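Reading the structure
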Amino acid sequence: SQTIHQWPATLVQPVGSPLSLECTVEGTSNPNLYWYRQAAGRGLQLLFYSVGIGQISSEVPQNLSASRPQDRQFILSSKKLLLSDSGFYLCAWSSRGLGNRYEQYFGPGTRLTVT
Amino acid sequence: AQTVTQSQPEMSVQEAETVTLSCTYDTSESDYYLFWYKQPPSRQMILVIRQEAYKQQNATENRFSVNFQKAAKSFSLKISDSQLGDAAMYFCAYRTYNNNDMRFGAGTRLTVKP
């Protein structure tokens, strides 16, 4: 069965510090990968998605970047955090190819607080 | 652009009763998928049910069922025999066959009263 991991679970960082959140998927190959942000009490905002190694699409211009160095690894980064970067970050995957149902499966999330 | 609207920020239901959560969406596409996700206090997003737009039959998963009205662009979720564990935020989501992103509604917070 497929499993998706995210770490860290919780992070408190000062303004101006760098960020690196990691997401890995097990039990599947060549997945689509996604990064979402959820503000308190709000819906999900898609930040980035990737259809393959080194292929990143950005939905919203912002202070964040994403990379996919390996097939099942997706990293969210920032060089200098802003207060507005605080939120709950969710990684998700979906399968590709014939017969897939297009639903996305989510990791446990990372709660980021920028102070 | 496709949008998803959940007009009920909060809903409440008595344990063992039935509740319906509303969702409408806007699209010019004819082929797409619709989903309901549940987000309990742990904040783990859990897929509850999916519906393919080309299927006329409404999807059902145990106590969860949908009322899919394609012409009205409506996709409501019915929870029967509500349980305390059903208390959560529920998100309606939409995606087309060709796009890689999924559009989410703002969510409905469901409270289940014992």
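Here is a short report on the structure shown in this document. (Residues numbered from 1 in each chain as written. Chains lettered and ligands numbered in written order. Predicted model: local features only at pLDDT ≥ 70, side-chain atom pairs only at ≥ 80, totals over all residues. Heavy atoms only, no water.)

With respect to the layout of surface pockets
- There is about 310 Å³ of room inside the largest pocket.
- Taken together, 18 residues make up the lining of the largest pocket; nearest its centre are A:Arg37, A:Gly43, A:Leu44, A:Gln45 and A:Leu46.
- Secondary structure elements with two or more residues in the lining of the largest pocket: strand S5 (44-52) of chain A together with strand S11 (103-104) of chain B.
- Broken down by class, the residue content of the lining of the largest pocket amounts to seven nonpolar, six polar and five charged.
- Considered as a void within the structure, the second largest pocket measures approximately 180 Å³ in volume.
- Along the walls of the second largest pocket sit 13 residues, with B:Gln39, B:Pro40, B:Pro41, B:Met89 and B:Arg109 positioned nearest its centre.
- Those elements that provide at least two residues to the lining of the second largest pocket are strand S10 (88-96) and strand S12 (108-113) of chain B.
- Ranked by residues supplied to the lining of the second largest pocket, first place goes to S10(B) with three residues.
- Each residue belonging to the lining of the second largest pocket can be placed in one class, and the counts come to seven nonpolar, three polar and three charged. (1 Å grid on protein atoms, 1.4 Å probe; cavity = no way out; pocket = protein on both sides within 12 Å on 5 of 7 lines; lining within 4 Å. Points joined across faces, edges and corners; volume = space filled by probe spheres on them. Helix = DSSP H or I, 4+ residues; strand = E, 2+ residues; numbered from the N terminus. Nonpolar A, V, L, I, M, F, W, Y, C, P; charged D, E, K, R; others polar.)

Some details on the packing of aromatic side chains
- Under the counting rule described, the total for this entry stands at 16 aromatic pairs over all chains.
- Measuring from ring centre to ring centre gives 5.8 Å for B:Tyr37 and B:Phe104, while their planes differ by 50°; the resulting arrangement is tilted. Of the two residues, B:Tyr37 is situated in strand S5 (residues 32-39) and B:Phe104 in strand S11; the sequence distance between them amounts to 67 residues. Across the pair, B:Phe104 and B:Tyr37 agree in class, each one buried.
- Connected via pairs of aromatic rings, a cluster forms that spans A:Tyr34, A:Tyr36, A:Tyr49, A:Phe106, B:Tyr33, B:Phe35, B:Tyr37 and B:Phe104. (Phe/Tyr/Trp six-rings, centres within 6.5 Å; stacked < 30°, edge-to-face > 60°. Buried < 20%, exposed > 50% of the residue type's maximum accessible area, 1.4 Å probe, protein only.)

Some points on the sheet that holds strand S7 (residues 65-70) of chain A
All names here are of chain A.
- Across the sheet, four strands lie side by side as S1-S3-S8-S7; this open sheet has antiparallel pairing. Edge positions in the sheet fall to strand S1 (3-7) and S7, since each has one partner strand and no second. Averaged over neighbouring strand pairs, the angle between their axes works out to 20° when direction is ignored.
- As paired strands, strand S3 (residues 19-26) and strand S8 (residues 73-78) are joined by six bridges and run antiparallel to one another. By the bridge assignment, Leu19 is partnered in S8 with Ser78. (Pairing = 2+ DSSP bridges. Axes fitted to C-alpha atoms, helices over the stretch in contact; angles between N-to-C directions.)

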